[in-house]
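# Descriptive analysis of the structure
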Amino acid sequence: MPVSQIPRRLSALLTLPAGPHIGHLYSLVTADILARFQRILDPSRPVVFLTGTDEHGLKMQQTALAKGVNPLEWCNTISSEFRKLADKADISSTVFMRTTQERHKQVVEHVWRSLAVQGLIYKDTYEGYYSTTDECFYPLSRVSRHPTLANTMIATETGSVVEWSREENYKFRMSTFREALLAHYTQAASHNAQMTDGLKVRGVHPDIHQNRIIRDLESEPLEDLSISRPRERIGWGIAVPDDPTQTVYVWFDALLVYLSGIGHPEKGVTWPPDVQVVGKDIVRFHAVYLPAILLALNLPLPKTLLAHAHWTANQKKMSKSLGNVTDPMRAMDDFGVDAVRFYLARVGGRWKDDVDWSEEQLRKHTDEIRNLLGNYFLRMTSKVIKNRVSQVISSTQPQTFQPLLDRLLAQVDLSQTVDASAYVEPESSMTVEAFLPLLDNVGGVVSHHMKSLEVAEGLHAIVQVLRQANGLLTNLAPWSEAHPPSVALSCYLTALETLRIVGILLQPFLPSTAEKLLDTLQVPSSERSIEYARLGRGAVGGENGLQVKGVKLFEIPRNVA
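This is a predicted model, so every value here is computed, not measured.

Reading the values: rules and limits
- Residues numbered from 1 in each chain as written.
- Predicted model: local features only at pLDDT ≥ 70, side-chain atom pairs only at ≥ 80, totals over all residues.
- Heavy atoms only, no water.
- Pairing = 2+ DSSP bridges.
- Helix = DSSP H or I, 4+ residues; strand = E, 2+ residues; numbered from the N terminus.
- Buried < 20%, exposed > 50% of the residue type's maximum accessible area, 1.4 Å probe, protein only.
- Axes fitted to C-alpha atoms, helices over the stretch in contact; angles between N-to-C directions.
- Parallel < 35°, antiparallel > 145°, perpendicular 65-115°, else oblique.
- Left-handed = near helix turned anticlockwise from the far one by under 90°.
- Contact = heavy atoms within 4.5 Å.
- Nonpolar A, V, L, I, M, F, W, Y, C, P; charged D, E, K, R; others polar.
- Phe/Tyr/Trp six-rings, centres within 6.5 Å; stacked < 30°, edge-to-face > 60°.
- Lys NZ or Arg CZ within 6 Å of the ring centre and 35° of its normal.
- Core = buried A, V, L, I, M, F, W, Y, C linked by side-chain atoms within 4.5 Å.
- Lys, Arg positive; Asp, Glu negative; His and termini not counted.
- Salt bridge = Lys/Arg side-chain N within 4 Å of Asp/Glu carboxyl O.
- Polar contact = N/O pair within 3.5 Å; in protein donor to acceptor, adjacent residues only side chain to side chain.
- Expected span 1.5 Å × (residues − 1).
- Bend = angle between axes of the 7 residues up to and from the residue.

Before going further, it helps to examine the sheet that holds strand β11 (residues 228-230). Ordered by their spatial adjacency, 3 strands build an open sheet running β11-β13-β12, and the pairing between neighbours is antiparallel. In this open sheet, the two strands that pair with only one neighbour each are β11 and β12 (239-240).

The next thing to look at is unusual backbone geometry. With omega at 0°, the peptide bond leading from His205 into Pro206 counts as cis. Going from Trp271 to Pro272, the amide bond is cis rather than trans, its omega being 5°. As for its placement among the helices and strands, Pro272 is situated in the loop between α8 (257-260) and β14 (275-279). One non-glycine residue, Asn151, lies in the positive phi region at around 55°. In this structure, Asn151 sits in the loop between β6 (143-145) and β7 (153-155). Classification of Asn151 by relative accessible area gives exposed; the value is 78%.

The next subject is the packing of helix α14 (residues 401-409) against helix α17 (residues 485-505). In the contact formed by α14 and α17, the axes pass within 10 Å of each other and the chain directions differ by 110°. As the angle between them shows, α14 and α17 are arranged roughly perpendicular. Crossing of α14 against α17: the hand is left-handed. Touching Phe401, Leu404, Leu405 and Leu408 of α14 are Ser490, Leu493, Thr494, Leu496 and Glu497, all from α17. Looking at the contact of α14 with α17 residue by residue, the classes come out as 6 nonpolar, 2 polar and 1 charged.

Below, the discussion takes up the packing of aromatic side chains. Taken as a whole and judged by the stated rule, the model has 14 aromatic pairs. On the numbers, 5.9 Å between centres and 20° between planes, the contact of Phe172 with Phe177 is stacked. Just as Phe172 is buried, Phe177 falls in that class too. Here the aromatic rings of Tyr343 and Trp357 are separated by 5.1 Å at their centres, their planes lie at 70°, and the arrangement is edge-to-face. With Tyr343 in helix α11 (residues 337-348) and Trp357 in the loop between β18 (355-356) and α12 (359-380), this pair connects stretches of sequence that are 14 residues apart. Here the two residues Tyr343 and Trp357 agree in accessibility, since each one is buried. Taken together, Tyr26, Trp311, Tyr343, Trp351 and Trp357 form an aromatic cluster joined through their ring pairs. Above the ring of Phe96, the side-chain terminus of Arg83 is found at 4.3 Å from the ring centroid. One cation-aromatic arrangement involves Arg229 over Tyr130; the distance from NZ or CZ to the ring centre is 3.9 Å.

Now for the nonpolar core. Membership of the largest hydrophobic core comes to 104 residues, with the highest contact counts inside it found for Trp357, Leu373 and Phe509. Per element, the largest residue contribution to this core is 12 residues, and it comes from α17. Contacts of Trp357, omitting those with residues within four sequence positions, involve Ile22, Trp311, Thr312, Met318, Thr326, Ala331, Val340, Tyr343, Leu344 and Leu362. With 67 residues, the next largest nonpolar core counts Phe177, Val248, Ala292 and Leu299 among its residues.

Examined against the element boundaries, Asp253 turns out to sit in helix α7 (residues 250-255). Despite being buried, Asp253 has no salt bridge partner; Arg231 is the closest side chain of opposite charge, sitting 8.8 Å away. Of the polar contacts made by the side chain of Asp253, one reaches the side chain of His56; its length is 2.5 Å. Residues in contact with Asp253, not counting those within four places in the same chain, are His56, Thr99, His104, Val108, Ile238 and Val248.

This next bit is on the pairing of strand β13 (residues 243-248). Bridge count between β11 and β13: 3 bridges; the pairing is antiparallel. The partner of Pro230 across the bridge, within β13, is Gln246. Pairing between β12 and β13: 2 bridges, direction antiparallel. Of the residues in β13, the one forming a bridge with Val240 is Asp243. Turn length for the β12-β13 hairpin, with the two strands adjacent in sequence and antiparallel, is 2 residues, and the turn residue Asp242 shows positive phi of about 70°.

Per the stated rule, a full pass over the model turns up 29 salt bridges. Across the pair Asp243 and Lys123 runs a salt bridge, and its minimum N-O distance is 3.3 Å. Separated by 120 residues along the polypeptide, Asp243 in strand β13 and Lys123 in strand β4 (residues 121-131) bring together distant segments of the chain. Judged by relative accessible area, which is 39%, Lys123 ranks as partly exposed.

With 22 residues, α12 extends 30 Å between its outermost C-alpha atoms, agreeing within 8% with the 32 Å of an ideal straight helix rising 1.5 Å per residue. Where α12 bends most, the angle comes to about 35°, and this point is Asn371. Among all positions in α12, only Leu362, His365, Thr366, Glu368, Ile369, Arg370, Leu372, Leu373, Gly374, Tyr376, Phe377 and Met380 are buried. Considering only its buried residues, α12 is in contact with α10 (328-335), α11, α13 (383-390), α16 (455-476), α17 and α18 (511-520). Two or three places before Glu360, at the opening of α12, Ser358 has a side-chain oxygen 3.3 Å from that residue's backbone nitrogen.

Right, let's get into the sheet that holds strand β16 (residues 311-313). Pairing is mixed across the open sheet formed by 3 strands, whose spatial order is β17-β16-β18. Strands at the two margins of the open sheet, each flanked by one partner only, are β17 (316-317) and β18. Sheet analysis places β16 next to β18, joined by 2 bridges and oriented parallel. Note on β18: the bridge partner recorded for Thr312 is Asp356. With respect to the sheet, α11 is in contact with β16 and β18, its orientation differing from that of β16 by roughly 95°.

Take Trp74: it is sitting in helix α3 (residues 71-88). Between the C-alpha atoms of Trp74 and Gln61, which are 13 residues apart in sequence, the distance is 9.1 Å.

Turning to the environment of Val355, a few remarks are in order. One can find Val355 in strand β18. On a C-alpha basis, the gap between Val355 and Thr431 in space is 37 Å, while along the polypeptide they are 76 residues apart. Once residues lying within four places of it in the same chain are set aside, the contact partners of Val355 are His310, Trp311, Thr312, Val347 and Gly348.

What follows is the structure, encoded as structure tokens:
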């Protein structure tokens with residue numbers, strides 16, 4: 001297979017047992033933005049985008065029992081809700097894998113036997129703390145006393161209550177791989193400043209998580225991992241091969257969905273993932289447990305693990321018991337799918353810190369993109385401006401967009417270097433000559449940020465170009481008789497080129513809106529990749545660039561206006 005055809009691989013795993021919440025949508029949209037960016041970065045290179053649902057474990061068993069249904073029936077219901085969420089949010093995944101599928105069970109059994117034959121699995125008595133909420137075993141070093149409840153211990157990292165447990169189960173010799181894991185993350189940290197094709201960061205991102213993993217591996221022993229539980233305690237799960245009295249530990253089971261989803265152990269599968277997207281609360285499972293298993297299988301480790309922060313309500317974790325959970329489906333119904341995607345990326349795309357979900361802020365950012373993009377498009381294609389433009393162009397001159405734009409660009413010095421800092425804050429008095437170099441370079445700035453997984457910064461650069469474009473329109477007032485018609489032509493051509501380039505760059509973030517914009521501009525489908533996000537690189541308007549008709553890009557929901 002030629003190098004140019006090696007697929008990019010992205011993944012996001014959704015955990016049950018309750019229905020979808022904003023955190024699930026956040027993970028999906030984040031992974032989708034990265035997947036869509038890779039597709040426009042190099043359209044010749046396919047993207048494998050895996051999502052799926054983790055459906056086994058004690059929580060699912062207890063929830064199904066409380067609802068009076070069998071676990072599989074409950075899993076079918078909840079998994080369907082996640083599929084609906086992904087469809088609603090315009091998620092472009094190529095694979096959806098459930099841990100209840102037979103193919104996944106076969107992979108779990110295959111991996112278990114592969115480890116067992118190497119002597120990496122042994123039976124022992126586990127004695128320690130277990131959290132039903134986190135479905136996780138915790139060593140003494142990772143638990144602490146509850147701040148208010150007497151005789152109650154909690155997981156230090158998640159705050160979930162833990163209970164002392166003593167049981168016979170199987171263990172994986174994870175301790176064997178401590179040095180290899182430490183070497184991997186230490187090397188990844190040292191390489192993150194180096195540029196590579198398509199992606200600039202390695203290991204765990206943001207580096208706050210990678211540094212913690214390195215510190216933990218350096219400072220404390222890596223204990224062997226319990227990878228089963230007695231069947232009498234947890235019946236809902238995959239039975240341990242050749243031992244029906246034990247159930248495969250839910251996280252061992254769930255993490256292998258990344259392998260079952262791409263067809264392991266068949267030859268020629270697309271492995272390893274370029275990016276895995278997870279919430280910060282499950283970093284250890286993905287940064288320690290899964291890599292140790294992969295090392296045991298002699299498989300390459302995932303290149304980058306993107307761990308995002310949480311959406312909160314009044315600085316508190318969203319919880320049904322607190323009544324502060326936001327329904328993602330309702331948010332998209334109320335504000336529009338692309339408006340919610342825009343908000344998630346604009347406000348949440350910096351990963352490190354938890355972000356408060358605010359309907360007021362969602363409304364503010366919905367108005368922001370609607371005004372900067374939607375209203376700008378309608379203003380620039382108004383009859384008033386088109387009439388003024390027609391006064392400059394005679395009927396004998398070519399009406400196509402490209403020659404007219406080339407004439408304008410010939411008057412501008414595009415050789416000047418534009419630093420990324422120029423996209424942080426807009427200038428108050430912008431000219432066409434100063435604006436066009438910014439527009440010409442924005443594609444490179446966005447690509448730089450996206451390769452570094454800086455989604456919010458990439459989107460911010462696009463927004464700032466739109467802000468500059470709107471400011472330019474206000475400054476030059478092409479509709480005003482106080483200015484010659486040539487100003488209207490210059491503004492019109494600049495606006496169409498702005499909309500074309502911005503439309504290309506917004507495809508990962510606002511796929512439906514960007515497609516509508518590019519279709520209206522009659523930008524050929526073959527000219528919608530990053531390489532065309534430069535001045536003069538693409539066509540607009542077909543045979544007559546002066547007859548582009550503005551359309552409403554955003555609908556205003558009736559109950560939000």
